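So the chains spell out like this:
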Amino acid sequence: MAEKRRSGGGTVMPDSKSVKSESDKEFLSQAGVGVLLRDALLKLVEARSEDPIGFLAEHFSNLASESESGPVGGGGGDGGEPQENTVEEQQQLSRALWHLSLAHHSQRSAFNNNIRLAYDLLTQCGSIQRVPGGVQGRIYTEMLQCLCSEGGLSGTTAAPLLRRIRCHDYEAVPFELFRQGVQTCTAFADYIRKSQCLYAAVASRPERPAERSLCRAVLATLEEALDTSHGADSARFLEASAKISPAKLAQAMADVRGAGEQQEGPTMDAREFEDAAAALFIARVRVVI
Amino acid sequence: MKMNADRFTLPTDDYLAETNALFYLSDAVTQLLEHREEYTQFGIVRYFAEYFTSVKNGNHVLFREFSYIKATPHNRASFIHIFWKCYRQIGKNGDLLTVLEYSSLLQLLCPDFPAEVVQNTARIVLMDDAMDCLMSLSDFIYSFQIQFYYEEFLESVLVIYEDLLEGKNPNTVIVPTSSSAEPLSSTASEDMDTQEGVDSFVFLECIKGLCERFKHKHPSISAIKEVLEGNPRVSYYSFLMALAKHEGISQDIGALPNRSDLLMDPEMDQELERLVAQVAISPTSNSSSSAAGLKEPPKKASPRKSLHQRRRIEMESDGSTEETDSSEN
């Protein structure tokens, strides 16, 4: 404190510029501004936010509220009232979700970094005693729910997936599981969006539901693509994308058309198609115990 | 301020350059150093948070120096927006103001706002004629937007325009068209001389070349094309006027609503009445001193006096119109 005051007084008294810039530097390093800005820039460059100014505003606000509320969960020992805890928990949760929303999951390294940040944030919150091995199961499950609804999934679509990957409240979620859970949810949300587009394409006219036989053909193609044989990841990706290529899909649909002639067959509505597509995905989510 | 998806493939330096993030960070540090006592008490991290929140919301340019206001496209748009927010009431009252008065209004928001920009704006509104005429706020503000936001671009357009007027063709690519047009113009040269302006098509081609050099800092080429297509010949100021009136360009800048909505915003009315009252009362008492300290030499001696008289009359009439408004309600 005394030092700070001295340097502050120093700027007022002498007018010479060299002294001023010297004390400026001193002030900045004492206040930790250099470190603060370097961290912010690194985060920005890593996230490559679409709206950099908004990103910096959010980043500094988060930091400020963190430092103002003190280390979360630590503070008053067992004096922490349950209500306060949940408020803090919600703050941490929304901060974690904000980090996760910064980069699309296809931006692998940026996304993984953000998962790490979210994980670190969430391990710090929870009840009075922290769970040693990671994020509390209850918070983890809640976060996955939020991720799904932020991804535009309806409750009913997300529910089967969440049932599959959720944890018990008392469990501790280690990082690897946490990462996979997050990736599964974000990928699932994307997948459902894509399948909705697929249905719209099959239906061809928005006011009429799609033909059942065509939908079946598309879903079968989709299933086949998801069931790629074993082998290296990259090879499987290539194989899958070949199997779901527009040409393949068109062929599958043409085959059905050729067989069924031009009759007005039974139809399938968007909901059913989405559920069927979701089931294909969820069936391939392995549960780790 | 939004960026497109290829930001992930840009090199780091390019990404940062495109975002102006470094500009704002360094300004934030400069401000911090200037007011260190205050901000250290406030909390330095909180200060940075507030700084960037205000940049995001666009109220960071209020009362800042001109060089800052001009520094980024976002700052320019924010300033135009603030100008509109603060003085919309003038337009509502239907008051007409002179160049000098608009200049003073701008200087209330930015103390060193140069009169030159205001004069250039007036040239657009008044088509470079009768410069002491009165202007309505809506005429002024859209022209001001074009002048202030695209200043550098307009300067270069003026150079092109003057070259074309002198018969020089700054764009070598279109020499064939102009040479084929030459025999025509020689026969009709007397008409041409009396006619204002330059050939729109040639002008457009030259501006297209200019836009390539200006990267993003120009109105969209399709809008310029629309503006120029209407008339075979165009003068510099009628071109600028048409740009100012083009709603697409205004939407791209995003600082002002459409002309029809310019004065309508019932939500803001109440708050603004209070704000404008504050702005109108406190700075007019200073303006007698600040007007005396204006950097630019007043072109005529008389407008300055009339400015004060007018201002006083306005204040009174302001009050009276508000009274009549409220009595009507």
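Refer to the structure presented above.
What this report covers is the structure whose coordinates are included nearby. Fair warning: this is a prediction, and the values are worked out from it, not measured in the lab. (Residues numbered from 1 in each chain as written. Chains lettered and ligands numbered in written order. Predicted model: local features only at pLDDT ≥ 70, side-chain atom pairs only at ≥ 80, totals over all residues. Heavy atoms only, no water.)

Scanning chain A for helices and strands turns up 13 helices and four strands. Element-wise, carbon and sulfur atoms account for 55% of the exposed surface of chain A, whose accessible area totals about 16,100 Å². (Helix = DSSP H or I, 4+ residues; strand = E, 2+ residues; numbered from the N terminus. Areas by Shrake-Rupley, 256 points an atom, 1.4 Å probe, with all protein chains shown as cover.)

Time to look at the interface of chain A and chain B. Of the residues lining the interface, 32 residues belong to chain A; the matching set on chain B comes to 30 residues. Between chain A and chain B lies a buried interface of about 2,900 Å² when both sides are counted; carbon and sulfur atoms form 71% of it. Along the contact surface separating chain A from chain B lie one salt bridge. Where B:R36 meets A:D24, a salt bridge forms, and the shortest distance between an N and an O atom there is 2.1 Å. Along the contact surface separating chain A from chain B lie two residue pairs in polar contact (both at pLDDT 80 or more). Where the side of chain A that touches chain B is concerned, the elements lending two or more residues are helix 1 (2-12), helix 2 (17-31), helix 3 (33-47) and helix 4 (52-69) of chain A. By residue number, the principal contributor to the side of chain A that touches chain B is helix 4 of chain A, which donates eleven residues. Within the side of chain A that touches chain B, the residues separate by chemical class into 17 nonpolar, eight polar and seven charged. (Contact = heavy atoms within 4.5 Å. Buried area = accessible area lost by both parts, 1.4 Å probe. Salt bridge = Lys/Arg side-chain N within 4 Å of Asp/Glu carboxyl O. Polar contact = N/O pair within 3.5 Å; in protein donor to acceptor, adjacent residues only side chain to side chain. Nonpolar A, V, L, I, M, F, W, Y, C, P; charged D, E, K, R; others polar.)

Turning to the side chain of A:T157, a few remarks are in order. Residues and elements named next belong to chain A. Within the fold, T157 resides in helix 8 (residues 155-165). A relative accessible area of 2% means that T157 is categorised as buried. The contacts of T157, once residues within four sequence positions are left out, are F188, I192, R271, E274 and A278. (Buried < 20%, exposed > 50% of the residue type's maximum accessible area, 1.4 Å probe, protein only.)

Before going further, it helps to examine the nonpolar core. By size, the foremost hydrophobic cluster in this structure holds 104 residues, and its most contacted members are B:F48, B:F203 and B:F239. In terms of residues, this core owes the most to one element, helix 6 (residues 73-93) of chain B, which gives nine residues. Setting aside chain neighbours within four positions, we find B:F239 in contact with B:V157, B:F203, B:I207, B:I224, B:V227, B:L228 and B:V234. Counting 51 residues, the second-largest nonpolar core is a separate cluster that includes A:Y140, A:C148, A:L153 and A:V202. (Core = buried A, V, L, I, M, F, W, Y, C linked by side-chain atoms within 4.5 Å.)

Bringing the packing of aromatic side chains into the picture now. Residues and elements named next belong to chain B. All told, the structure shown has 34 aromatic pairs over all chains when counted by the stated rule. Judged by centre distance (5.7 Å) and plane angle (20°), the rings of F23 and Y68 are stacked. Separated by 45 residues along the polypeptide, F23 in helix 2 (residues 21-34) and Y68 in helix 5 (residues 66-71) bring together distant segments of the chain. Residue classification places F23 among the partly exposed positions, given a relative accessible area of 27%. For Y68, a relative accessible area of 3% gives the class buried. Ring geometry for Y161 versus Y236: centroids 5.7 Å apart, planes at 40°, classification tilted. One end of the pair, Y161, is in helix 10 (residues 151-165); the other, Y236, is in helix 15 (residues 236-245), with 75 residues separating them in the sequence. (Phe/Tyr/Trp six-rings, centres within 6.5 Å; stacked < 30°, edge-to-face > 60°.)

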